[in-house]
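Summary of the model geometry
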Amino acid sequence: MIEEFNNEIGKIESLQELQDLRVKYLGKKGLLTQQLKALGKLAPEERKQAGQSINRDKKQMLAIIDDAKTRLEQKAINAKLAAERVDVSLPAYKLSTGGLHLITKTINKLEDVFRSMGYDVVMGPELEDEFHNFDALNTPKWHPARDLQDTFWTTDGRVLRTHTSPMQVRYMETHKPPFKVVVPGKVFRNEAVDATHEAQFHQLEALVVAERITMADLKGAITEMASALLGKDTKTRLQPSYFPFVEPGAEFAIWWKSPKTGKEEWLELGGCGLVHPNVMKAVGYEGVTGFAFGFGIERLAMVSYGIPDVRYFYQGDMRVLRQFRGEL
Ligand code: YSA
């Protein structure tokens, strides 16, 4: 029987086959077990010898099975290792990474510029009341300037702020001069959307209040900002204009080379002026003057990055967004 067993075990390839073989010979109804059970039928003198021989075979079989098991287990491990082998020379999967939106990058850059000029950066609420968005900014209900900013009103009489200027009032209500602050943020206007007008966009507001602030300080701050953004000695220009909350009021522009046309030209950025005495009165300030300016961030980003349509910023078109990923 042991020869037959040796013959069979030599052909075995897997642990399962080994288990089957063990059951065939040594299981409850196995060939060797049956021989053991049959011992009782033998004459006593034969029984002893046969018993010894069967036990020898059993011992031998168990040892051989043990060896085969070790060999087959090692074989299985080797096969698994070979199958799971990692080829470190293969090119890695490229993880797709996100990037900051162009408007976020532009705001970050502006914040850095103003921080370097000693300004604090503060935020204001996007849902405003009529007082801060209009009345305290010298724009009462009857004022025609209210119509210039088509407004989203809520059913409870509040407004989605139409500009960042209300934060001028909020800041002055809670702080004492002197100070220099900028307010970047989202603003909303109920207007017909086109290539240069969105219903939701961003502005940056600057406010400086102290004793004896003049238009010269305003011009100096705008020029300093332009130099930090576009390089030393960048020219700036103020042209008279009207905003209810400044007196005198102006529009400001910077002289630059358009990356789109390659031409040098004036870039109109936004409005500015000296804080109107009525605004100072609304917040209870006396004996100080101040300047403020505000401009559209999309406008600046459009011209800086050569983007022809303001709607491209918010359509989520990856072809647009990918072009500027990783750029500063
Ligand atoms: C004026 C004087 C100050 O002392 C301080 C701030 C200001 C600016 C004022 N609050 C204001 O909002 N003026 S504005 O209506 O002319 O808008 C300023 C800028 O926002 C514009 O020059 C333009 O760049 C941008 N803008 C306006 N409507 C827009 C828009 N950008 C995108 N979509 C729109 N619908």
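A few points on the structure. (Residues numbered from 1 in each chain as written. Predicted model: local features only at pLDDT ≥ 70, side-chain atom pairs only at ≥ 80, totals over all residues. Heavy atoms only, no water.)

With that settled, the discussion passes to the packing of helix α1 (residues 2-9) against helix α4 (residues 44-83). Running from N to C, α1 and α4 cross one another at 5°; their axes reach a closest spacing of 11 Å. Classified by the angle between their axes, α1 and α4 sit roughly parallel to one another. Taken together, the residues of α4 that come into contact with α1 (itself represented by I2, F5, N6 and I9) are D57, Q60, M61, I64, I65, A68 and R71. Across the contact of α1 with α4, the residue classes break down as 7 nonpolar, 2 polar and 2 charged. (Axes fitted to C-alpha atoms, helices over the stretch in contact; angles between N-to-C directions. Helix = DSSP H or I, 4+ residues; strand = E, 2+ residues; numbered from the N terminus. Parallel < 35°, antiparallel > 145°, perpendicular 65-115°, else oblique. Contact = heavy atoms within 4.5 Å. Nonpolar A, V, L, I, M, F, W, Y, C, P; charged D, E, K, R; others polar.)

This brings us to the pairing of strand β7 (residues 246-257). Inspection of the sheet shows strand β6 (residues 236-241) paired to β7 by 6 bridges, in the antiparallel sense. Among the inter-strand pairings, L238 is bridged to a residue of β7, identified as F252. With antiparallel pairing between neighbouring strands as the criterion, β6 and β7 make up a hairpin whose turn holds 4 residues. Pairing analysis gives 10 bridges linking β7 to strand β8 (residues 264-275), with the strands arranged antiparallel. (Pairing = 2+ DSSP bridges.)

Looking at the ligand, there are 24 residues lining it, with H163, S165, R189, E191 and E198 nearest. The separation between a nitrogen atom of the ligand and a polar side-chain atom of S165 is 2.9 Å. A292 places a polar main-chain atom, nitrogen or oxygen, 3.3 Å from an oxygen atom of the ligand. Considering the ligand on its own, with 690 Å² of exposed area, one finds that the protein chains cover 87% of that surface. Elements that contribute at least two residues to the shell around the ligand include exactly β5 (200-210), β8 and β9 (289-296). For the shell around the ligand, the residue count by class is 8 nonpolar, 11 polar and 5 charged. (Near = heavy atom within 4 Å. Polar contact = N/O pair within 3.5 Å; in protein donor to acceptor, adjacent residues only side chain to side chain. Areas by Shrake-Rupley, 256 points an atom, 1.4 Å probe, with all protein chains shown as cover.)

Another point: the pattern of salt bridges. When charged atoms on two side chains of opposite charge get close, those side chains can pair. Tallying each qualifying case throughout the model produces 15 salt bridges. One salt bridge in this structure joins K24 and E8, with 2.9 Å as the shortest N-O distance. Of this pair, K24 sits in helix α2 (residues 15-26) while E8 is found in helix α1, placing the two residues 16 residues apart along the sequence. A residue is classified by how much of its surface remains accessible, and E8, at 23% relative accessible area, is partly exposed. When salt bridges that share partners are traced, they join E130, D135, K141 and R146 into one network. (Salt bridge = Lys/Arg side-chain N within 4 Å of Asp/Glu carboxyl O. Buried < 20%, exposed > 50% of the residue type's maximum accessible area, 1.4 Å probe, protein only.)

Let's shift gears to the nonpolar core. By size, the foremost hydrophobic cluster in this structure holds 40 residues, and its most contacted members are F114, Y119, M225, F291, F293 and F295. Those elements giving two or more residues to this core turn out to be α5 (102-116), β5, α8 (215-230), β7, β8, β9 and α10 (297-305). When sequence neighbours within four positions are dropped, the list of residues in contact with F291 reads Y119, A206, L207, V208, I213, T214, D217, L218, A221, G273, L274 and V275. (Core = buried A, V, L, I, M, F, W, Y, C linked by side-chain atoms within 4.5 Å.)

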